[in-house]
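What follows is each chain in one-letter form.
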Amino acid sequence: MPASKLYLAVVGVGGVGTAFLSQLASLPSSLRPTLIFLSRSSKQLYTSSYDPVSASDLPSSSSKLLSLPELTTYLSSAPGKAILVDNTSNQDVANSYPSFLRQGISVVTPNKKAFSGSLQLWTDIFDAVDSSDCQAMVYHESSVGAGLPVISTLKDLVATGDQVTRIEGVFSGTMSFLFNSFAPADGTGKGKWSQIVAQAKEAGYTEPDPRDDLNGMDVARKLTILARLAGLKVQGPDSFPVQSLIPKELETAKSSDEFMQRLPEFDSEMEGYKDEAAKAGKVVRYVGSVDVAAGKVKVGLEMVEKGTPIASLRGSDNLICFYTKRYGANPLVIQGAGAGGEVTAMGVTADLIKVVERLR
Ligand SMILES: NC(=O)C1=CN([C@@H]2O[C@H](COP(=O)(O)OP(=O)(O)OC[C@H]3O[C@@H](n4cnc5c(N)ncnc54)[C@H](OP(=O)(O)O)[C@@H]3O)[C@@H](O)[C@H]2O)C=CC1
Ligand SMILES: N[C@@H](CC=O)C(=O)O
Ligand code: NA
């Protein structure tokens, strides 16, 4: 089947979605499905006759939006196989993956919500893939480590019979950027915590709401996904210890804007962690680990020796170490930018290519 007979719906055109659309536009036509549906939170673009659409035509507002069940019907009735790319962090869209897949619609996404939500949703997604008569597939490489090959590597380790014993490292581009800027190992850190948080948001590293990074939930979601792929039945990101960096007084902030406005009042809290580490000749970093053998996951701040790979990270780099039986004492290590529109979209586009190649 030529790629033009495959149909594409893109839900979410923010930082990642915009970069994805530009990468899509530069794919060769043999790998580029026909874009027939595009949406933001309150805008949709599509035609009832499945004509190609373009992002520049996305209306400023739409009166009647297709619901998720209506979108499922629209895509499953297309005159060729359909692929949905979910570039939102929306839970309702994530909850619909089993329905999309059961209707033969493949799903590609950087959204962590489906794979780190309830175990039931996880089971429903992969049961739907296994039982789909229409070869529907799900790929979510960018849900951990943005475009870095983290999910595919872990899947390959498991599929080829290696035993993963421990996964550890730095799993958040935002947290990496914050601590590498605020408390670099060479002691040159400049700027207040709240200013650096604002820079991370501006650079497109944070979740749509930066509180989802600072409360540790983004890292907890990623570790839930990795732990499940490694074989643990983790109930969810709130089923293990996660250290939040949200000041107590801001836990009740009504909006992300209010939170960002008031954050400078609490800069001294983070200065405290930085000073404590400096007194011990160390630096503070936000790390996570999955001890597969012991069935334990944990996420939080650690005082790290200077000169270690974690202490020496730069920018928004992630560092993910897989300890396995085959690799022995020297882990398989993946390092590189773990956040940002372009590098995240790269993982989404690469997943889309895999789906197209398998469906053609
Ligand atoms: N940014 C990064 O570095 C990384 C992001 N990710 C994941 O990628 C996803 C997107 O992140 P990012 O692009 O940064 O976020 P943005 O906030 O920039 O974009 C989110 C987009 O989703 C749209 N949206 C929200 N809800 C809906 C809905 N119900 N229907 C249709 N569209 C909706 C928003 O619409 P509107 O424009 O109207 O607000 C917006 O266009 C998230 O799941 C994030 O966790 C993963 C790895 C790295
Ligand atoms: N907010 C996340 C984006 C990627 O998952 C991060 O900072 O790592
Ligand atoms: Na990845």
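This structure is a prediction, so every number in the text was calculated from the model and none was measured.

Cut-off values and rules
Per chain, the residues get numbers from 1 upward, laid out in the order the sequence is written. Lettering of chains starts at A and numbering of ligands starts at 1, both following the order in which they are written. Per-residue local features of the predicted model are confined to residues with pLDDT of at least 70, and side-chain atom pairs are confined, for both listing and counting, to 80 or more; whole-chain, interface and lining totals are unaffected and use all residues. For each residue, a C-beta atom is positioned from the backbone; the residue is called near a molecule or strand if that atom sits within 6 Å of it. Residue polarity follows a fixed list, in which Ala, Val, Leu, Ile, Met, Phe, Trp, Tyr, Cys and Pro are nonpolar, Asp, Glu, Lys and Arg are charged, and the others, Gly among them, are polar. Axes, fitted as lines to C-alpha atoms, cover a helix only where it is in contact. Angles between the N-to-C directions of the axes lie from 0 to 180 degrees. Secondary structure follows DSSP: runs of H or I at least 4 residues long count as helices, runs of E at least 2 residues long count as strands, and numbering of each begins at the N terminus. For this classification, under 35 degrees means roughly parallel, over 145 means roughly antiparallel, 65 to 115 means roughly perpendicular, and everything else is oblique. Here is the rule for handedness: rotate from the far helix to the near one, and if that takes an anticlockwise turn smaller than a right angle the crossing is left-handed, while a clockwise turn gives right-handed. Any residue pair is listed as a contact if its two C-beta atoms, each placed from the backbone, are within 7 Å. For two strands to count as paired, DSSP must find a minimum of two bridges between them. Where each domain begins and ends is defined by an automated method or by a domain database.

## What to know about the site of ligand 2
Next up, step 1: Around ligand 2, the structure places A146, S172, G173, T174, Y205, T206, E207, D213, D218, G338 and A339.
Next up, step 2: Residues belonging to the shell around ligand 2 are distributed by class as follows: three nonpolar, five polar and three charged.

## Some points on the packing of helix α1 (residues 15–25) against helix α13 (residues 341–359)
Next up, step 1: The geometry of α1 relative to α13 is characterised by a closest axis approach of 8 Å and an angle of 55° between their N-to-C directions. Looking at the two axes, α1 sits oblique to α13. Here the hand of the crossing between α1 and α13 comes out right-handed. Counted together, G15, V16, T18, A19, F20, Q23 and L24 of α1 and G341, E342, T344, A345, M346, V348 and T349 of α13 form the full contact between these two elements.
Next up, step 2: For the contact of α1 with α13, the per-class residue count stands at seven nonpolar, six polar and one charged.

## With respect to the pairing of strand β9 (residues 296–305)
Sheet faces and side chains relate simply in a regular strand, where the side chains alternate between the two faces.
Next up, step 1: Summarising the sheet, strand β8 (residues 282–291) and β9 pair through ten bridges and their orientation is antiparallel. Looking at β9, one finds that K282 is bridged to E305.

## Looking at the sheet that holds strand β4 (residues 82–86)
Next up, step 1: Read across the sheet, six strands follow the order β3-β2-β1-β4-β5-β6 without closing on themselves; strand pairing throughout is mixed. If you trace the sheet from one side to the other, it starts and ends with β3 (43–46) and β6 (138–139), each paired once.
Next up, step 2: As defined by bridge partners, strand β5 (residues 106–108) adjoins β6 across two bridges and the pair is classed as parallel. Paired with V107 across the bridge in β6 is V138.
Next up, step 3: Each of β4, β5 and β6 is contacted by α13, which is oriented at about 160° to β5, the strand it contacts most.

## Description of the site of ligand 1
Next up, step 1: Residues in close proximity to ligand 1 total 30 residues, the closest being G12, G14, V16, S89 and P208.
Next up, step 2: When residues of the shell around ligand 1 are traced back to their parent elements, those giving at least two are α1, β2 (34–40) and α13.
Next up, step 3: Ranked by residues supplied to the shell around ligand 1, first place goes to α1 with three residues.
Next up, step 4: Its residues placed into classes, the shell around ligand 1 shows nine nonpolar, 18 polar and three charged.
Next up, step 5: Taken together, domain 1 (3–144 + 343–359) and domain 2 (151–338) each give at least three residues to the shell around ligand 1, which thus spans both.

## Re the domain arrangement of the protein chain
By a widely used convention, the size of an interface equals the accessible area lost when the partners come together.
Next up, step 1: Structurally, the protein chain comprises domain 1 (3–144 + 343–359) and domain 2 (151–338).
Next up, step 2: The centre of domain 1, based on its C-alpha atoms, is set 28 Å off from the matching centre of domain 2.
Next up, step 3: If you look at the interface, domain 1 gives 15 residues, while domain 2 gives 17 residues.
Next up, step 4: When its residues are assigned to classes, the side of domain 1 that touches domain 2 shows five nonpolar, eight polar and two charged.

## Digging into the packing of helix α7 (residues 173–182) against helix α8 (residues 193–202)
Next up, step 1: At a minimum axis separation of 10 Å, α7 and α8 run at an interaxial angle of 140°. Taken together, α7 and α8 sit at an angle that is classed as oblique. Crossing of α7 against α8: the hand is right-handed. Along its contact with α7, which presents T174, F177, L178, S181 and F182, the element α8 presents W193, I196, V197 and A200.
Next up, step 2: A per-class count over the contact of α7 with α8 returns seven nonpolar, two polar and no charged.

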